[in-house]
Amino acid sequence: MLPKPILRRRRMGDTVPERPVRHVVISGGTDGMGRATALARLARGDRVTVIGSGEAKGRALLAQAGGRRDLLRFVRADLSSIAEVERVVELITAEHDTVDALALFANRVTHKRRETADGLEYTFALYYLSRHLLGAGLGPLLDAAPSPVIVNVAGVGNTAGRIHWDDPQLLRGYGAVRAQLQAGRANDLLGVASSRAERGRARYVLYHPGFTRSGTGAHPNPLVRGSLKVLAALAARPVADAVRPIVEWIDHPPEAALTAIDRGRTVEPSLRTLDPGDAARLAEYTEELLRARR
C-alpha cells in the first residue's frame, strides 16, 4: 500500500493546519473535464489515479503534470469491458488502502450500434455499467476514507429519454441520441441506488454541467465536428468553470447522501427520473446481467 502523506503549507513563515493528501480516482481523465479535474487536484497536492483508453493521451497528461508527475498514475483500460474494469479495481486495491473521491466522466458517442466483448451495447457498457462497477468495486476503499465522495458527471435534471426495459441493449431501433439518453437516465438511477445507506459511506453527487467546451472534437463527421467547435466557442461554459464544483466537492462533500445538481440548480429528489422503484429495478437488471456474464 502507498503511504498517505500529509500536506503542509506555509504562508509568511507560519504553518497552516495540515491537510491530508487525498487519493482521487478519475475515469475518463485524459480529456476535457476529467483532465481538468485531475490537474486541479494535482495542483492541490493530491494523489490522482486517471483511467483512460488512450496511451498517447495518458503520456500527454503525465507530461502536463510536470513537477507533480510523481503524484499521478495513469492506467490504460477499456472501461466498456467488465474484465477491464475489474482489473482496474484490483490494481487500485493492491496499491492503495483508501480512495477519497471517485469522479466518473468516461463516455463516448458511437453513431452505429456496437457490441462490447461481453455482448453489451457499447454506450450502456461504457457510460453506465463501468460507473456502476467502479463505484461498487472501490466501495471498500471509499468506506475506509474519512469523508468519501462519488461524483457522477452525466445529465441529471434532463427528463428526456428513458430506460427501455423491454430492450435495454437497444437491439431494435438503435440511435446515438437514444443510447446516450438511456445511459444518462441509468446514471440518474445509479445515484439513487448508490446513495442508500447499505451501499456504503460515500456521499453521491449527480452533476450535469450543461454544454461545456469539452469533447466537441470527437464527432466522426467533420462538418458536425466543426459546427460543434464553433457553437462551443460561442455558447459553451469554459471547462475550468464546469469542473470548479467537482474540485470543491472532493474537499467538502455535501452532507446529504445524494445531491443532484443541474447547471448550478438543485434537482429535487421527487423528479420522475430519480424514482427509487426504477432505481431498484435497474439495480436488479444489472446484477442479473453481470451474473450471466461472469
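Thresholds applied
Residues numbered from 1 in each chain as written. Predicted model: local features only at pLDDT ≥ 70, side-chain atom pairs only at ≥ 80, totals over all residues. Heavy atoms only, no water. Core = buried A, V, L, I, M, F, W, Y, C linked by side-chain atoms within 4.5 Å. Buried < 20%, exposed > 50% of the residue type's maximum accessible area, 1.4 Å probe, protein only. Helix = DSSP H or I, 4+ residues; strand = E, 2+ residues; numbered from the N terminus. Contact = heavy atoms within 4.5 Å. pLDDT = per-residue confidence, 0-100. Salt bridge = Lys/Arg side-chain N within 4 Å of Asp/Glu carboxyl O. Pairing = 2+ DSSP bridges. Axes fitted to C-alpha atoms, helices over the stretch in contact; angles between N-to-C directions.

This part is about the nonpolar core. Side chains of nonpolar character tend, in soluble globular proteins, to be buried together. One finds Leu129, Leu134 and Leu138 to be the most contacted residues of the largest nonpolar core, which totals 44 residues. Elements supplying a minimum of two residues to this core: α3 (82-95), β8 (101-104), α4 (122-137), α5 (139-143), α6 (176-194), β10 (203-208) and α9 (276-293). The leading source of residues in this core is α4, at eight residues. Filtering out sequence-adjacent residues up to four positions away, leucine 134 remains in contact with Ser27, Ile51, Val85, Val88, Val89, Leu102 and Leu104. Core analysis: the next-biggest nonpolar cluster, separate from the first, contains 29 residues, Ala101, Val153, Ile246 and Ile250 among them.

Considering every residue of the chain, the mean pLDDT works out to 90; 86% of them sit at 70 or more. For the stretch residues 8-12, pLDDT sits under 50, and the model shows eight contacts to residues farther than four places along the chain or on other chains.

Turning to the pattern of salt bridges, a few remarks are in order. In total, this model carries 15 salt bridges according to the counting rule given. In this structure, aspartate 31 engages lysine 57 in a salt bridge whose closest nitrogen and oxygen atoms are separated by 2.7 Å. Within this pair, whereas aspartate 31 is found in the loop between β5 (23-27) and α1 (32-43), its partner lysine 57 is found in helix α2 (residues 55-65), the two being separated by 26 residues in sequence. The class for lysine 57 is partly exposed, based on a relative accessible area of 42%. With its nearest N and O atoms 3.0 Å apart, the salt bridge here joins glutamate 115 to arginine 113. Ionic contacts of the salt-bridge type, sharing partners, join the residues Arg22, Arg41, Arg44, Asp46, Glu248 and Asp251 into one network.

This part is about the sheet that holds strand β12 (residues 265-266). The eight strands lie next to each other as β7-β6-β5-β8-β9-β10-β11-β12, forming an open sheet whose pairing is mixed. Only two strands of the sheet have a single partner each, and these edge strands are β7 (72-76) and β12. The strands that α6 touches are β9 (149-153), β10 and β11 (258-262); relative to β10, the one it contacts most, it runs at about 165 degrees.

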